[in-house]
Amino acid sequence: MDPRRPIDPDTDKLHELADTLGDKAAEAKHRAEDRSATAALAATDLVDRARTRVIDATDRAEETLPGPLAERGRHLAAAIRERPLSFALGALVGVIVLRRTLRRSR
């Protein structure tokens, strides 16, 4: 008999319950970590596939476009890479203006 631990069935039940809850919490944490890792891998895969498709489409477009037009496209792509946020905001504003214009013309 351990003198530091009182003999009380209710205390033992509480300790067992605390241990069980701790185990369940650890299992839930591991499941959440596994799910987040799976989601991160899926997102990375999706981005890689999208990047590949964009590169393929760009290559095909450069083959079919005349030289000066392809050169302008390359300059525009370089500018977008340098300031993506500015172009994203500009595109968003353009979409909003176009949408409002189309709504008013009905």
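Residues numbered from 1 in each chain as written. Predicted model: local features only at pLDDT ≥ 70, side-chain atom pairs only at ≥ 80, totals over all residues. Heavy atoms only, no water.

Across the protein, pLDDT averages 85, with 93% of residues at or above 70. Least confident of the elements in the protein is helix α2 (residues 67–82), whose mean pLDDT is 84; most confident is helix α3 (residues 84–104), at 90. (pLDDT = per-residue confidence, 0-100. Helix = DSSP H or I, 4+ residues; strand = E, 2+ residues; numbered from the N terminus.)

This part covers a nonpolar patch on the surface. Taken together, L85, L89, L92 and I96 make up a surface patch of nonpolar side chains, about 390 Å² in accessible area. Structurally, L89 is set in helix α3. Judged by relative accessible area, which is 48%, L89 ranks as partly exposed. (Patch = residues over 30% accessible without salt bridge, like charges linked within 9 Å, V, L, I, M, F, W, Y side chains within 5 Å. Areas by Shrake-Rupley, 256 points an atom, 1.4 Å probe, with all protein chains shown as cover. Salt bridge = Lys/Arg side-chain N within 4 Å of Asp/Glu carboxyl O. Buried < 20%, exposed > 50% of the residue type's maximum accessible area, 1.4 Å probe, protein only.)

The next point concerns the pattern of salt bridges. Scanning all chains against the criterion turns up four salt bridges. Measuring nitrogen to oxygen at the nearest pair gives 4.0 Å for the salt bridge that ties E33 to K29. Taken as a pair, E33 and K29 lie in helix α1 (residues 9–64) at a separation of four residues, close to a single helical turn. As a salt-bridge pair, R51 and D48 come within 3.3 Å of each other at their nearest N and O atoms. Note that R51 and D48 are positioned in helix α1 at a spacing of three residues, about one turn of the helix. For R51, a relative accessible area of 48% translates into the label partly exposed.

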